[in-house]
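Overview (structure and organization)
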Amino acid sequence: MEKKLEEIMVLQISVRLARPQDAEQMHHIHVNSVRQLCAIDYTKEQIEAWVGHLNPETLRQYIINGARYEVQFVAEDENGTIIGFSAFDKNGDINAVYVHPDYTRQGVGKQLLKAVENEALAHNFTKLQISASITALPFYKANGYKFIKYSSHRLRSNVKIPCALLEKTLATDVTDVTDG
């Protein structure tokens, strides 16, 4: 009986490309994720410099106009509610993996990261880098990313926040068809 209960509680999510109309929910996730999940590793001033200036309309315009430079994905639950998002820029960097605080540790981030990795492979990248928050360091390590060094990231507000540089060589999943 316990096994069936476990199966019922598995979160059903789907990942798709972000659309301009997703900006409001993505903004909400971004701000709440940083404010709640990063509060242990960053000061209130750093967090406000990070997300205090963000607004959904700027994000909406970015999704519309920035598509040639960055690919963004959203994760939706079975009700169509967006619960996370990720972004890959076509220079080979992961720009974002954010999950709503109510949905962490349920595989949402992992699926969003996999979407980014698959997109990178589709653009012929075999290695990805990310300048990750200190908070996200365990997540990336658990997903095969190698810690390179501690660094800092200068926000648009000119505030520097501590980060960690990580990278991962992507498996290309090439199979030899002659192995009968």
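Residues numbered from 1 in each chain as written. Predicted model: local features only at pLDDT ≥ 70, side-chain atom pairs only at ≥ 80, totals over all residues. Heavy atoms only, no water.

Next up on the list: the packing of aromatic side chains. Applying the stated criterion to the full structure yields six aromatic pairs. Summarising the aromatic geometry, the rings of F88 and F125 are spaced 5.7 Å apart at their centres and angled 75° between planes, so their arrangement reads as edge-to-face. With F88 in strand 3 (residues 82–89) and F125 in the loop between helix 5 (108–122) and strand 5 (127–133), the pair connects residues that are 37 residues apart, well separated along the chain. For F88, a relative accessible area of 0% puts it in the buried group. The structure contains a cluster of three or more aromatic residues connected by ring pairs, namely F139, Y140 and Y145. (Phe/Tyr/Trp six-rings, centres within 6.5 Å; stacked < 30°, edge-to-face > 60°. Helix = DSSP H or I, 4+ residues; strand = E, 2+ residues; numbered from the N terminus. Buried < 20%, exposed > 50% of the residue type's maximum accessible area, 1.4 Å probe, protein only.)

With that settled, the discussion passes to the environment of V51. Along the chain, V51 turns up in helix 3 (residues 44–51). Sequence separation between V51 and R35 is 16 residues; the distance between their C-alpha atoms is 8.1 Å.

So, about helix 4 (residues 56–65). If you check which residues of helix 4 are buried, you get P56, L59 and I63. Buried residues in helix 4, looked at end-on, bunch into an arc of 60°, giving them a common side. At its buried positions, helix 4 is contacted by helix 2 (23–37) and strand 2 (70–77). The distance from a side-chain oxygen at the start of helix 4 to the backbone nitrogen of E57 is 3.1 Å, and the residue carrying that oxygen is N55. (Arc of directions from axis to C-beta. Contact = heavy atoms within 4.5 Å. Polar contact = N/O pair within 3.5 Å; in protein donor to acceptor, adjacent residues only side chain to side chain.)

Where side chains of opposite charge bring their charged atoms close, a pairing between them can arise. The full count for this structure, using the stated rule, is six salt bridges. With its nearest N and O atoms 2.9 Å apart, the salt bridge here joins R35 to E48. With R35 in helix 2 and E48 in helix 3, this pair connects stretches of sequence that are 13 residues apart. Look at R35 and you get partly exposed, because its relative accessible area is 36%. (Salt bridge = Lys/Arg side-chain N within 4 Å of Asp/Glu carboxyl O.)

Structurally, Q72 is set in strand 2. What makes Q72 buried here is its relative accessible area of 11%. In this structure the side chain of Q72 is engaged in a polar contact, spanning 2.8 Å, whose partner is the side chain of E70. Setting aside residues no more than four positions away along its own chain, Q72 makes contact with R16, L17, A18, M26, L59, Y62, I63, S86 and A87.

Moving on, we come to helix 5. Taking 1.5 Å per residue, 15 residues should reach 21 Å; helix 5 reaches 21 Å between its end C-alpha atoms and fits that length. All buried positions along helix 5 are accounted for by V108, G109, L112, L113, A115, V116, E117, E119 and A120. Following helix 5 by one or two positions, N124 has its phi on the positive side, about 65°. (Expected span 1.5 Å × (residues − 1).)

This part takes up the pairing of strand 3. The side chains of a regular strand alternate, first on one face of the sheet and then on the other. Counting buried positions along strand 3 gives eight out of eight residues, so the element sits mostly inside the fold. Two elements, strand 2 and strand 3, share seven bridges in a ladder whose sense is antiparallel. The partner of E76 across the bridge, within strand 3, is I82. Hairpin connection of strand 2 to strand 3: four residues between the antiparallel strands, including G80 at a positive phi of 85°. (Pairing = 2+ DSSP bridges.)

Bringing the pairing of strand 6 (residues 146–154) into the picture now. Summarising the sheet, strand 6 and strand 7 (residues 160–169) pair through eight bridges and their orientation is antiparallel. When the bridges of strand 7 are listed, Y150 appears paired with A164.

Any functional reading would require information that these geometric values do not contain.
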